[in-house]
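Remarks on the overall topology
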Amino acid sequence: MRLVKLSNRSEGIRNLLWTFIKSLQALPYVALLILMLFFIYAVVGMQIFGKIALVDGTYINRNNNFQTFPQAVLLLFRLVVRLLLFRLPKIDKTVLTLLYHIPFKEHICCE
């Protein structure tokens, strides 16, 4: 409520709030674009790498494969989170570490 009262007095804050609201309106389109890219790369990965045999103890195992569509999407998600973990030095890595282990939490707990 204070921000609305303050925005009536200041032109700069009003412009800042207007820009923020307009950028939030574009957020669903950005999310849809990311989902479409994940879908395309998952399907391409299934076509190229879907028939590779799973071998425990290697990088291609029951957690990392493109044999099914959900596995392919989860693998791509893990790759993106891992990229963020190791490429961006100034972010809080606790949240990203938790995100990295969410899809396979049952395998982590039970192994």
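A word on the nonpolar core
- Residues F38, A42, F66, A72, L75 and L76 constitute the largest nonpolar core, which totals six residues.
- The set of elements that each furnish at least two residues to this core consists of α3 (27-49) and α4 (69-87).
- At three residues, the largest contribution of residues to this core is made by α4.
- Setting aside chain neighbours within four positions, we find L75 in contact with N64, N65 and F66.

Some thoughts on the side chain of R78
- Secondary-structure assignment places R78 in helix α4.
- With a relative accessible area of 12%, R78 lands in the buried category.

Points about α3
- If you check α3, its first and last C-alpha atoms are 32 Å apart, about what 23 residues at 1.5 Å a residue would give, namely 33 Å.
- As for α3, its buried residues are in contact with α4.

Thoughts on the packing of helix α2 (residues 11-25) against α3
- In the contact formed by α2 and α3, the axes pass within 4 Å of each other and the chain directions differ by 35°. Residues S23, L24 and Q25 of α2 pack against L27, P28 and Y29 of α3.
- Counted by class, the contact of α2 with α3 contains four nonpolar, two polar and no charged residues.

Details of the confidence of the model for the protein chain
- Put simply, the protein chain has an average pLDDT of 79, and 71% of its residues get 70 or more.
- The secondary structure element of the protein chain with the lowest average pLDDT is helix α6 (residues 105-110), at 43, and the one with the highest is α3, at 94.
- Contacts from residues 105-111, a stretch scored under 50 in pLDDT, to residues over four places away or in other chains number five contacts.

The rules we used
Starting afresh in each chain, residues are numbered from 1 along the sequence in its written order. With the structure being a predicted model, the display of local features is reserved for residues of pLDDT at least 70 and the display and counting of side-chain atom pairs for 80 or more, all residues being used for whole-chain, interface and lining totals. The side-chain values count all of the structure's non-hydrogen atoms but skip hydrogen atoms and water molecules. Put simply, buried Ala, Val, Leu, Ile, Met, Phe, Trp, Tyr and Cys residues joined by side-chain atoms within 4.5 Å make one nonpolar core. Exposure categories follow from relative accessible area, calculated using a 1.4 Å probe and restricted to protein chains: below 20% of the type maximum is buried, above 50% is exposed, and the middle band is partly exposed. Strands here are runs of E lasting at least two residues and helices are runs of H or I lasting at least four, both read from the DSSP assignment and numbered beginning at the N terminus. Contacts are residue-level and defined by heavy atoms, with any inter-residue pair within 4.5 Å sufficient. The span expected for a helix works out to 1.5 Å for each residue beyond the first. Here, axes are lines fitted to C-alpha atoms. For helices the fit covers the stretch in contact, and angles between N-to-C directions go from 0 to 180 degrees. Under the grouping applied here, Gly and all other residues not named as nonpolar or charged are polar, the nonpolar ones being Ala, Val, Leu, Ile, Met, Phe, Trp, Tyr, Cys and Pro and the charged ones Asp, Glu, Lys and Arg. The predictor attaches a confidence to each residue, and that confidence, scored 0 to 100, is pLDDT.

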